[in-house]
Amino acid sequence: MLSVQQAEQIILTSIQPLDPQRNTEIVYLLAASGRILAQEITSQLDFPHWDNSAMDGYAVRHADVAESNAENPATLEIIEEIPAGKAPQKTIQPGQAARIFTGAMMPAGADTVVMQEVTQRSGNSVTILNAPAPQSFVRHKGSFSPAGTPLLSPGISIGATEIAVLASAQCTQIPVYRRPVVAILSTGDELVTPDRPLKPGQLVDSNQYALATLVRQTGAIPQMLGIIPDDPQQLQNAISQALEFADMVISSGGVSVGEYDFVDQILSSLGGEIQIRAIAVKPGKPLTFATFSSSSRQAPIIYFGLPGNPVSSLVTFWRFVQPAIKKLSGISDFWQPMFVQAKTQHSLKSDGKRESYFWGKLHLVNGEYEFTLAGGSQSSGNLINLAQTNGLAVLPVGKTLINARDLVQVLQVR
Ligand code: AMP
Ligand code: MG
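Residues numbered from 1 in each chain as written. Chains lettered and ligands numbered in written order. Predicted model: local features only at pLDDT ≥ 70, side-chain atom pairs only at ≥ 80, totals over all residues. Heavy atoms only, no water.

Draft legend 1. Looking closely at the site of ligand 1. Around ligand 1, the structure places 14 residues, and the nearest of them are Glu190, Asp205, Gly254, Gly308 and Asn309. Taking Asp205, its side chain carries an N or O atom lying 2.8 Å from a nitrogen atom of ligand 1. A distance of 3.2 Å is found between a nitrogen atom of ligand 1 and a backbone nitrogen or oxygen belonging to Ser206. A breakdown of the residues in the shell around ligand 1 according to their chemical character gives four nonpolar, eight polar and two charged. (Near = heavy atom within 4 Å. Polar contact = N/O pair within 3.5 Å; in protein donor to acceptor, adjacent residues only side chain to side chain. Nonpolar A, V, L, I, M, F, W, Y, C, P; charged D, E, K, R; others polar.)

Draft legend 2. Quick peek at the sheet that holds strand S18 (residues 273-278). Strand order across the open sheet formed by six strands is S16-S13-S17-S21-S20-S18, with mixed pairing between neighbours. Every interior strand has two partners, whereas the edge strands, strand S16 (221-228) and S18, have only one. Across this sheet, the average inter-strand angle for adjacent strands is 15°, counted without regard to direction. Pairing geometry for strand S13 (residues 181-187) and S16, over six bridges, is parallel. Across the sheet, residue Val181 finds its bridge partner in S16, namely Ile221. (Pairing = 2+ DSSP bridges. Helix = DSSP H or I, 4+ residues; strand = E, 2+ residues; numbered from the N terminus. Axes fitted to C-alpha atoms, helices over the stretch in contact; angles between N-to-C directions.)

Draft legend 3. Region of interest: the packing of helix H4 (residues 207-217) against helix H7 (residues 310-328). The N-to-C vectors of H4 and H7 enclose an angle of 25°; their axes lie 11 Å apart at closest approach. Comparing the axis directions of H4 and H7 gives the class roughly parallel. The two elements H4 and H7 meet at a crossing, and its hand is right-handed. Taking contact as the criterion, the partners of Asn207, Ala210, Leu211, Leu214 and Val215 in H4 are, on H7, Pro310, Ser313, Leu314, Phe317, Trp318 and Ile325. A breakdown of the residues in the contact of H4 with H7 according to their chemical character gives nine nonpolar, two polar and no charged. (Parallel < 35°, antiparallel > 145°, perpendicular 65-115°, else oblique. Left-handed = near helix turned anticlockwise from the far one by under 90°. Contact = heavy atoms within 4.5 Å.)

Draft legend 4. Quick peek at the sheet that holds strand S6 (residues 96-100). Overall, mixed pairing links the six strands, which are arranged S7-S4-S6-S5-S9-S8 in an open sheet. Single-partner strands in this sheet number two, and they are strand S7 (112-115) and strand S8 (119-122). The average angle at which neighbouring strand axes cross in this sheet is 35°, direction not considered. Relative to S7, strand S4 (residues 57-60) runs antiparallel, the two being bridged by four bridges. Along S7, the bridge assignment pairs Ala59 with Val113.

Draft legend 5. Geometry of the pattern of salt bridges. Inspection of the entire model under this criterion finds eight salt bridges. Between Glu25 and Arg35 there is a salt bridge, with its nearest N and O atoms 2.7 Å apart. Of the two residues, Glu25 sits in strand S1 (residues 24-28) while Arg35 sits in the loop between S1 and strand S2 (41-42), which places them 10 residues apart along the sequence. Take Arg35: its relative accessible area is 7%, and that puts it in the buried class. The residue Glu370 makes a salt bridge to Arg405 at a minimum N-O spacing of 3.7 Å. Taken together, the positions of Glu370 in strand S25 (residues 368-373) and Arg405 in the loop between strand S27 (401-402) and strand S28 (407-412) put the pair 35 residues apart, joining distant regions of the chain. (Salt bridge = Lys/Arg side-chain N within 4 Å of Asp/Glu carboxyl O. Buried < 20%, exposed > 50% of the residue type's maximum accessible area, 1.4 Å probe, protein only.)

Draft legend 6. Highlighting the nonpolar core. Judged by nonpolar contacts, the single largest core of 46 residues is most densely connected at Met248, Ile250, Phe304 and Phe317. It is H7 that contributes the most residues to this core, 10 residues altogether. Once residues within four sequence positions are removed from consideration, Met248 is found in contact with Val181, Val182, Ala183, Ile301, Ile302, Phe304, Val321, Ala324, Ile325 and Leu328. By size, the runner-up hydrophobic cluster in this structure holds 20 residues, among which are Ala183, Phe262, Ala290 and Tyr303. (Core = buried A, V, L, I, M, F, W, Y, C linked by side-chain atoms within 4.5 Å.)

Draft legend 7. Region of the structure containing the packing of aromatic side chains. Throughout the structure, instances matching the rule amount to one aromatic pair. An angle of 50° between the planes, with centres 5.1 Å apart, marks the rings of Phe289 and Phe304 as tilted. Of the two residues, Phe289 sits in strand S20 (residues 286-292) while Phe304 sits in strand S21 (residues 301-306), which places them 15 residues apart along the sequence. The same class applies to Phe289 and to Phe304, which are both buried. The ring of Phe320 carries Arg319 above its face, with NZ or CZ at 5.6 Å from the centroid. (Phe/Tyr/Trp six-rings, centres within 6.5 Å; stacked < 30°, edge-to-face > 60°. Lys NZ or Arg CZ within 6 Å of the ring centre and 35° of its normal.)

Draft legend 8. The arrangement of unusual backbone geometry in detail. Along the chain, Phe47 connects to Pro48 via a cis peptide bond; the corresponding omega equals -10°. Relative to the assigned elements, Pro48 resides in the loop between S2 and strand S3 (52-53). Across the junction of Lys282 and Pro283, the peptide omega takes the value -5°, indicating a cis bond. Within the secondary structure, Pro283 sits in the loop between strand S19 (281-282) and S20. Here the phi dihedral of Gln135 falls at roughly 70°; this positive angle occurs in a residue that is not glycine.

Keep in mind that these numbers describe shape and distance, not what the molecule does.
Structure (structure tokens):
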């Protein structure tokens, strides 16, 4: 059986990000939020676009005010008022100043802004009570970023700050990676949709909805294929249909060693290369990972056969599938799982044979993380106490106990 780290390595090296030459689309600025940028963005604009004032005050020639102080102030003639958005009309000559406001363009001749708090205004003249440093409160053209400099790199996730940069660069048609398409199916004769009355022995297919939610949150498009009975032919039909259109297929259930667990044999018969059958992880041991190469596609289609138990399927999604979807989606960084160190409020016990994941809540207390184990059963069949989970505490192989108040690694999830 593979260790978690070996499995992670196999999965992540099998996954190639979408090819930006063939897998991009153009979206309007606001629709780019949450998408992955596919091309470098440069601008022919300087930032700032022109020398401008960082203060409300007076634009002056530094030489005129270099010696001024409260006893010996400099008095200048105000020749123009320049609000933000107006182009100055005049050149500042010796002995002159312009009234200027934050963000307004500097007039020719002036090189320094004196903030209004150290001045006295009287009609058309202004008295400067302090000598400012040369160039003070002037934001110089191109000083934040000169024209032609790359502003945003491909592979970044676009959020509010990137939208602001794109808008400022007057870039409204944004090249982004297309979202990967992830087909999801549930296997099991016992499963019914949530709107059906339950007959004895039946169970609602919760996995499909939870997985579709996580797939969407991870930035991909979920395609729900429904419940497939434990019938090899129907399962084969569903999987081969999914392989026609999806970048990735996720099934839950049917990967264990029972008589009704058909997924692995079907994957092999459809030409899949099974790379993982089980991982030393608890919950989630039976997990199938396979790749399908086809001549009509450049990248292999990825198959995850997750275990059916609701907690197992979610834990294995968070630990293995989510980073895989992120890497596939073209994001160049931050696709690795995020672990933080936290103080556990409860003791955590394991037999030490598999890497064990415990679900619960991560909080910040006085700037330090604490982990609270979810109350109730930590059985992999119990999904009820999974609600509000945002962390999975991890006991590595060989570790049988972490005492309350000791530190534990916690995988951040949501
Ligand atoms: P399996 O891996 O198919 O043996 O399923 C393991 C357990 O998970 C069984 O108790 C199933 O009833 C349950 N299970 C399987 N699929 C789902 C599903 N889609 N939603 C909720 N529970 C499931
Ligand atoms: Mg089953």
